[in-house]
Amino acid sequence: MNILMQDLRYALRQLSKSPGFTVVAMLTLALGIGANAGIFSLVNAVLLKSLPVDSPEQLYLVRQRDRFAEETRVSYPLYKRMLEGMPATANLAAMARVADFYVGAGDNHPEPAKGQLVSGNFFNVLGTYPVLGRLLTPADNRVPDSQPVAVISHGCWQRRFSSAPDVIGRQLTVNGIRFMVVGVAAREFFGAEPGKAPEFWLPLMMQASLHYSQHYSKSTAADVKKSWVSQDEITWLGLIMRVAELNALPQISGTLNRLFTEDPWEATLRSAANRQTKFENELVLSPGAQGIRILEREFSQPLTVLMGTVGMLLLIAGANLAGLLLAKTTARSREIALRLSLGATRRRLVRQLTTESLLLTGCGGLLGVAVAYWCVEVMPRWASTGSLAIPLNITPDARVLLFSMVIVLVTGLLFGLAPALQVTALEPSQALKIKTTSDARGADKWSLRRSLVALQFALSFVLLAGAGLFIRTLRNFAQLDPGFDRDHVLTVWLDTAIRHYSHAELLSFYKRTLDRVQALPGVHSASLATCGLAADCRSASDIYLAGHREPAATPQTNIVSTHYFDNVGMALLRGRDFTPSDDEKSPLVAIINQTLAQKIFFEVSPIGRYFGFDSGSAQQFQVIGIVSDAQVNGVRESAPPMVYFPLAQAVTDVESLDVRSVGDPATLAGQVRSVLLSIDPDLPIAKVSTLREQVSRNVAQQRVIARLTSIFGALALFLSCLGLYGVTSYMVARRTTEIGLRLALGASRGIVFGLVLRQIVVLLCGGLAAGFLLSFASLHSAKSLLYGLSPYDPVNMIAAAALLVVVSIASGMKPAWSAVQINPMDALRVE
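Residues numbered from 1 in each chain as written. Predicted model: local features only at pLDDT ≥ 70, side-chain atom pairs only at ≥ 80, totals over all residues. Heavy atoms only, no water.

## Concerning the state of the cysteines
Right, so step 1: Under the criterion given, the structure shown has one disulfide.
Right, so step 2: Disulfide partner of cysteine 531: cysteine 537, at an S-S distance of 2.1 Å.
Right, so step 3: Taking relative accessible area as the criterion, cysteine 531 reaches 8% and is therefore assigned buried.
Right, so step 4: Of all cysteine sulfurs in the structure, the one in cysteine 721 sits closest to cysteine 765, which takes part in no disulfide; the separation is 15 Å. (Disulfide = S-S within 2.5 Å. Buried < 20%, exposed > 50% of the residue type's maximum accessible area, 1.4 Å probe, protein only.)

## A word on the side chain of threonine 72
Right, so step 1: Among the structural elements, threonine 72 can be located in the loop between strand E1 (59-64) and helix H3 (76-84).
Right, so step 2: Classification of threonine 72 by relative accessible area gives buried; the value is 4%.
Right, so step 3: A distance of 2.9 Å separates a polar atom in the side chain of threonine 72 from the backbone nitrogen of glutamine 64.
Right, so step 4: Not counting residues within four places of it along the chain, the set of residues in contact with threonine 72 comprises Val62, Arg63, Gln64, Arg67, Leu237, Gly238 and Leu283. (Helix = DSSP H or I, 4+ residues; strand = E, 2+ residues; numbered from the N terminus. Polar contact = N/O pair within 3.5 Å; in protein donor to acceptor, adjacent residues only side chain to side chain. Contact = heavy atoms within 4.5 Å.)

## A word on the environment of leucine 29
Right, so step 1: Among the structural elements, leucine 29 can be located in helix H2 (residues 19-48).
Right, so step 2: In this structure, leucine 29 is in contact with Gly34, Leu321, Leu360, Thr361, Gly364 and Thr411, ignoring residues within four places of it in sequence.

## Some points on the nonpolar core
Right, so step 1: Within the largest apolar cluster, 63 residues are counted, with the highest numbers of intra-cluster contacts made by Phe470 and Leu804.
Right, so step 2: Of all the secondary-structure elements, those providing two or more residues to this core are H2, helix H10 (294-331), helix H16 (447-479), helix H22 (700-734), helix H23 (736-744), helix H24 (749-778) and helix H25 (794-820).
Right, so step 3: When near neighbours in sequence (up to four residues on either side) are disregarded, leucine 804 contacts Phe457, Ser460, Phe461, Leu464, Leu717, Leu764 and Leu768.
Right, so step 4: By size, the runner-up hydrophobic cluster in this structure holds 52 residues, among which are Tyr79, Met206, Val229 and Leu259. (Core = buried A, V, L, I, M, F, W, Y, C linked by side-chain atoms within 4.5 Å.)

## As for the packing of H22 against H24
Right, so step 1: Interaxial distance between H22 and H24 falls to 11 Å at its minimum, and their mutual angle equals 140°. For H22 against H24, the interelement crossing comes out right-handed. Of the residues in H24, those touching H22 at Leu724, Val727, Thr728, Met731 and Val732 are Val756, Gln759, Ile760 and Leu763.
Right, so step 2: Across the contact of H22 with H24, the residue classes tally to seven nonpolar, two polar and no charged. (Axes fitted to C-alpha atoms, helices over the stretch in contact; angles between N-to-C directions. Left-handed = near helix turned anticlockwise from the far one by under 90°. Nonpolar A, V, L, I, M, F, W, Y, C, P; charged D, E, K, R; others polar.)

Note that all results are geometric; they support no functional claim without further evidence.
See the structure below:
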């Protein structure tokens, strides 16, 4: 320990003697380590963290073998039967998907918020505790619509109730129904799905009162307007369970599958003779320590790309550090040779020089943690897929700090050991004869530095090429024609279901809304739809053709008002559009898109053909038209098969009001909102946005990747140029006498200038050659994240190389100019 303290004191003195070197090295390391720690914080939150509950390793998700957990749904009666069949060492909870509600506290106007319906044992199964009050219990979930109680999240308590200590017993209005707050969940608790963070949890038995109707499947015998908790034909619940003893898992799995197979609704979905279907629909228990991992599947590949990117940035920073240390230790070669001559061992000197490197990387690591905390502030907003940031807790924890410590140690040892070994390998007698201002064998000594700079160029080229690919992918999405007019449409997101309009009131509301909105100055037209554009609605159903017992396709469906296609800019290719005469008294009609027409009718004209929702009613709907394909789920997905029905024939609640403007649609937002509230002051309006903004949200993932890779590419280029500047300046300083002699013997200053630039070009060529090979090996992994171009796009490669060459040569001009300005007499006098 005494020797270690001596080395630390000596290292501090050495670093304080070279403040410029110390500051540059620390900032370089802070960028590399901070970027890695910041991205790893996001990786940790999305891919590695367990749910913040007791013993998360005891949690299991129940899913069908061919589906993810969030896609596996059961009915409430089936859940009750499964719960009753559980052994004493297991407990099974049910939960609806996190959904959208309209919430108000006190006199505040209702606002859209995320909430979740759960069984009474949900919190007990997950293993959490309340900050105030109590959590839901099975007693809250016994009688339909009898227990309007709510548990609110810690964030909801802070935002909506200002952290009031008397919040228990106060009212929370959800979809127009008053709920009594009975508890506040733990600060870190967000439920079973990372990235969702509901503001409140309500009993499943309140489904009918809330008119909850999201994320479900049903048979034709079901009635979605009645309470779901008594219907086997409506599947809407996911399952999560806690198992205290692992040896009980086979018994539990067998019980679940027996009840699942015997369920009357599930039995209709499977063919008894189809073993493969049976196998695919079998229930399996998946580890649930990390909860429902939708976010992981969405962001795992982008995060992998970003981790690779910041890893390359750290290598560049490390190579820069090694180059700086090599220059510093080479300048101290006479001192080290003298110490070796006086009896110091090479092992002792290597340890001392390594201590300096570790101290430097440790200080850089502390600054890097500060950079990581800054990343924590901005990355959730950048990674958002909507107008709000994804609610993730990515504050660096013990795992992130340990990761940072490992990076610091590895960087300090890996990039500090090589210069230490090289400088201590020199024979003392030889080193003492060498002047610090000139070295005939300088080129040999600089080979490691040149290799490090070439490595930085190679990695910088890969990062620049990758950033170019993601930027051009984002531009391709921006220039893509989605099949509708995104430049002149304003979308108002409504929820008329909460108002409980009667049939007549709904028709009256639609008519008044369209008439008054279309009368506004600057409005070209308006229409209504049950599914908004680029909103990932995905409402779908099987359709059958006459004479076929199997479904012909499972298209997405949308119910729209008249003139919808013209209003949103979708072309009617054949047949006719919906008209006011297509009402409830006329024959049922439908319009399909090109994809569906080609899929089920092939080359035969579909106009006049019929289909239905089951084989017994295949003559129910007549196809009257074909519209162009549109990327209705988002611009990242191709156009799905679509069926459109007229709103006048299927009067139902709508989701979106689309207003086509003459000019900028954003200028109409306030006027349209005022018109709607004048018709119904209590109408919930979720949001008002232009269709261009909605489409932009579809590519939020590509935007954050392009933004981060561009930043990292720019940092890599800066660090590489810094390394080039350092090695070129060092070369000029070491060859001052040689350059002076060349000038004294008649060499022109142009020749000297070219001599220095030649060294830069050699480094560039070596770096580019290695960079091209490395890019071919690494950019292929990002292929699925690109759109409209190949990862080996030659234009992109050439542009990245050109940028690297231009900036690098510009950074080497200053040392080259300094070489030209050397005075031969001064240089020779030094020798």
